[in-house]
Amino acid sequence: MFRNVFSKSMYDARRGLIGWSIAIAVLVLLESALWPSVRDMPNLTELYQSFPEELRKFFDLDAMTTGAGFLNAELFTLMLPGLFLVYSIGHGARALAGEEERGTLELLLVTPVSGFRIVLDKALALALSITVLGFALFVATTLGSLIFGLGISVPAAASGALAITLLGTEYGVLALAAGALTGRRSTAIGIASAAAAAAYFVYAIGLVLPRFESWQPYSPIHQAFHAGPLGAGLQPSYLWLLAGTALLTALALPALDGRDIPTAHP
């Protein structure tokens, strides 16, 4: 029925992708629907200025007087990245380690398909799945802006979706690589989640404590969000996200060929 591992992986992911895409679109549209009420609040700028400076800087409250700034603060720098990371890390951990624990990966390895090709197809399917979610985010942001008057251009919506897609892909591939090397889904999830939490800590502490700002460029979270991400355009830091994804993929590619894969984990 399926010509390769990539096609089978995409077929298996179809229901989850539909559900996640709908959920993300609904979330963005519901949040966008709040903008007219927020925009029309009297003394909105003065209200944001009354918050502590550290809080204003952390959530970029001074930019919330615009539609793009509102969605950046409400969705694009916390909730949406969190959702993309949950999906990406979970999917990446299941891609290889999940199959190994179920005993189905060994069945793939006895076919003429090499371990290298299995990992590559799984990584490509993961990247495409996250891209589908990114496209759903882009469409929902564009529609929300048009319906509720947020004033977000199509390029601005695209840059926000791209940043979150690249971030999710890097950590999804990290989970996939950890799963390929260890064969344990829980370990893969733990490694990728810990790495994401550490990156967010470095990003956040640099926002509130100036002496740690020099650490921020090393954080993938900062690389994705430092200029927006909504409305940031194509940032050079996105190349670091792509490079990280490529490096992790390269580390994972030979992993299956160098391990004994059991029929199932206890």
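Fair warning: this is a prediction, and the values are worked out from it, not measured in the lab. (Residues numbered from 1 in each chain as written. Predicted model: local features only at pLDDT ≥ 70, side-chain atom pairs only at ≥ 80, totals over all residues. Heavy atoms only, no water.)

## Thoughts on helix 13 (residues 238-252)
Step number 1: The terminal C-alpha atoms of helix 13 lie 21 Å apart, and with 15 residues this matches the ideal 21 Å at 1.5 Å per residue to within 8%.
Step number 2: Here helix 13 has its buried residues at Tyr-238, Leu-241, Gly-244, Thr-245, Leu-248, Thr-249 and Ala-252. The arc that holds the buried residues of helix 13, viewed along the axis, is 130°, so those residues lie on one side. Residues Leu-239, Trp-240, Leu-247 and Leu-251 are exposed on helix 13 and point more than 90 degrees away from its buried face. (Helix = DSSP H or I, 4+ residues; strand = E, 2+ residues; numbered from the N terminus. Expected span 1.5 Å × (residues − 1). Buried < 20%, exposed > 50% of the residue type's maximum accessible area, 1.4 Å probe, protein only. Arc of directions from axis to C-beta.)

## Structural notes on the side chain of Ser-129
Step number 1: Looking at the secondary structure, you find Ser-129 in helix 9 (residues 115-148).
Step number 2: Under the relative-accessibility criterion, Ser-129 is labelled buried at 0%.
Step number 3: Residues in contact with Ser-129, not counting those within four places in the same chain, are Met-10, Ala-13, Leu-17, Tyr-87 and His-91. (Contact = heavy atoms within 4.5 Å.)

## Things to note about helix 7 (residues 79-102)
Step number 1: Of all the bends in helix 7, the greatest, near 45°, is centred on Ala-95.
Step number 2: Of all 24 residues in helix 7, 17 are buried, a share of seventy percent or more.
Step number 3: Backbone geometry just downstream of helix 7 places Gly-103 in the positive-phi region, at approximately 85°. (Bend = angle between axes of the 7 residues up to and from the residue.)

## Thoughts on the packing of aromatic side chains
Step number 1: One pass over the full model with this rule turns up six aromatic pairs.
Step number 2: Arranged with centres 5.9 Å apart and planes meeting at 55°, the rings of Tyr-200 and Tyr-203 form a pair that is tilted. With a gap of three residues between them, Tyr-200 and Tyr-203 both fall in helix 11 (residues 185-208), about one helical turn apart.
Step number 3: Ring plane angle 70° and centroid distance 4.9 Å describe the contact between Phe-212 and Trp-215, whose orientation is recorded as edge-to-face.
Step number 4: A relative accessible area of 42% means that Trp-215 is categorised as partly exposed.
Step number 5: Clustering of aromatic rings is evident, with ring pairs tying together Tyr-200, Tyr-203 and Phe-225.
Step number 6: When the ring centre of Tyr-11 is taken as origin, the NZ or CZ atom of Arg-14, which lies over that ring, is 3.8 Å away. (Phe/Tyr/Trp six-rings, centres within 6.5 Å; stacked < 30°, edge-to-face > 60°. Lys NZ or Arg CZ within 6 Å of the ring centre and 35° of its normal.)

## Some points on the packing of helix 2 (residues 14-33) against helix 9
Step number 1: In the contact formed by helix 2 and helix 9, the axes pass within 9 Å of each other and the chain directions differ by 25°. Judged by the inter-axis angle, helix 2 sits roughly parallel to helix 9. Between helix 2 and helix 9 lies a crossing of right-handed hand. Side by side, helix 2 and helix 9 meet where Leu-17, Trp-20, Ser-21, Ile-24, Ala-25, Val-28, Leu-29, Ser-32 and Ala-33 of the first sit next to Ser-129, Val-132, Leu-133, Ala-136, Leu-137, Ala-140, Thr-141, Leu-143, Gly-144 and Phe-148 of the second. (Axes fitted to C-alpha atoms, helices over the stretch in contact; angles between N-to-C directions. Parallel < 35°, antiparallel > 145°, perpendicular 65-115°, else oblique. Left-handed = near helix turned anticlockwise from the far one by under 90°.)

## Regarding the nonpolar core
Step number 1: Grouped together as the largest cluster of nonpolar side chains are 68 residues, with contacts concentrated most on Leu-71, Phe-76, Leu-80, Leu-96, Leu-137, Tyr-171 and Leu-176.
Step number 2: Residue contributions to this core peak at 15 residues, all from helix 10 (residues 154-182). (Core = buried A, V, L, I, M, F, W, Y, C linked by side-chain atoms within 4.5 Å.)

## Things to note about the side chain of Lys-122
Step number 1: On the secondary structure map, Lys-122 appears in helix 9.
Step number 2: Within the local environment of Lys-122, its side chain forms a polar contact with the side chain of Glu-99, the two groups lying 2.5 Å apart.
Step number 3: Non-local contacts of Lys-122, meaning those with residues more than four positions away in its chain, are made with Val-5, Ser-9, Ala-95, Leu-96, Glu-99 and Leu-176. (Polar contact = N/O pair within 3.5 Å; in protein donor to acceptor, adjacent residues only side chain to side chain.)

## Some thoughts on the environment of Leu-137
Step number 1: Within the secondary structure, Leu-137 is located in helix 9.
Step number 2: For Leu-137, a relative accessible area of 0% translates into the label buried.
Step number 3: Aside from chain neighbours lying at most four places away, what touches Leu-137 is Ile-24, Val-28, Phe-76, Leu-80, Phe-84, Ala-161 and Ile-164.

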